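So you can see what is in the structure, the chains are spelled out below.
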Amino acid sequence: HVQLVESGGGLVHPGGSLRLSCAASGFTLGRYCMAWFRQAPGKPREQVAAMMIGDRFGYISYHDSVKGRFTISHDDADYRLDLQMNSLEPADTAMYYCAAATSVIACNSQFFNVWGQGTQVTVS
């Protein structure tokens, strides 16, 4: 049984930084995609960053709006997914979710089937 728990959200001024963490449990060995999503009120959910776990080719993708500012990383030993967010902007304000695609080896948003509870990020 896979579970994801996010932490690290909060209130920060524009230009500041936050580091989000996702604690994962119940995963088995193999290749799967993990990602950070965000959703602001009145806006559709969007994939912020994703990476393929167990991929020797190191697939990582970022939404254009966060390239150069956000960095996704994974700790294999602890099964922890992090999102380092720098140069935060008011447009980054949203609920951020950690997610995993455990049934399909792909990073397309529609395939993510395990979700955390979310952590709020507010930039103002």
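Residues numbered from 1 in each chain as written. Predicted model: local features only at pLDDT ≥ 70, side-chain atom pairs only at ≥ 80, totals over all residues. Heavy atoms only, no water.

Draft legend 1. Structural context of the sheet that holds strand β8 (residues 80-85). Strand order in the open sheet made by the four strands is β1-β3-β8-β7, with antiparallel pairing throughout. Looking at the sheet topology across the chains shown, the edges are occupied by β1 (3-7) and β7 (70-75). Neighbour-to-neighbour, the strand axes of this sheet turn through a mean angle of 15°, independent of strand direction. Sheet analysis places β1 next to strand β3 (residues 18-25), joined by five bridges and oriented antiparallel. Across the sheet, Leu4 pairs through a bridge with Ala24, a residue of β3. (Pairing = 2+ DSSP bridges. Helix = DSSP H or I, 4+ residues; strand = E, 2+ residues; numbered from the N terminus. Axes fitted to C-alpha atoms, helices over the stretch in contact; angles between N-to-C directions.)

Draft legend 2. Quick peek at unusual backbone geometry. One non-glycine residue, Ser87, adopts positive backbone phi at about 50°. Secondary-structure assignment places Ser87 in the loop between β8 and β9 (94-101).

Draft legend 3. Representation of the pattern of salt bridges. Counted under the stated rule, the structure contains eight salt bridges. Between Asp92 and Arg38 there is a salt bridge; the shortest N-O distance is 2.9 Å. Remark: Arg38 occurs in strand β4 (residues 32-39) and Asp92 occurs in the loop between β8 and β9; sequence separation between them is 54 residues. Grouping residues by exposure puts Asp92 and Arg38 together as buried. With relative accessibility at 1%, the residue Asp92 sits in the buried group. It is possible to trace a salt-bridge network through shared partners that takes in Arg38, Glu46, Arg69, Glu89 and Asp92. (Salt bridge = Lys/Arg side-chain N within 4 Å of Asp/Glu carboxyl O. Buried < 20%, exposed > 50% of the residue type's maximum accessible area, 1.4 Å probe, protein only.)

Draft legend 4. Geometry of the state of the cysteines. Counted by the stated rule, this structure contains two disulfides. Covalently, Cys22 is tied to Cys98 through a disulfide, its sulfur atoms 2.1 Å apart. Where Cys22 bonds to Cys98 through sulfur, the torsion about that S-S bond is close to -75°, and the disulfide is left-handed. Taken together, the positions of Cys22 in strand β3 and Cys98 in strand β9 put the pair 76 residues apart, joining distant regions of the chain. Accessibility classification places Cys22 together with Cys98 in one group, the buried group. Indicated for the protein is the disulfide connectivity 1-3, 2-4, based on numbering the bonded cysteines in sequence order. (Disulfide = S-S within 2.5 Å.)

Draft legend 5. Fine view of the pairing of β8. Strand direction decides the pairing type here: β3 and β8, joined by six bridges, are antiparallel. Bridge pairing links Ser21 to Asp82 in β8. Sheet analysis places β7 next to β8, joined by six bridges and oriented antiparallel. If you follow His74 over to β8, its bridge partner there is Leu81.

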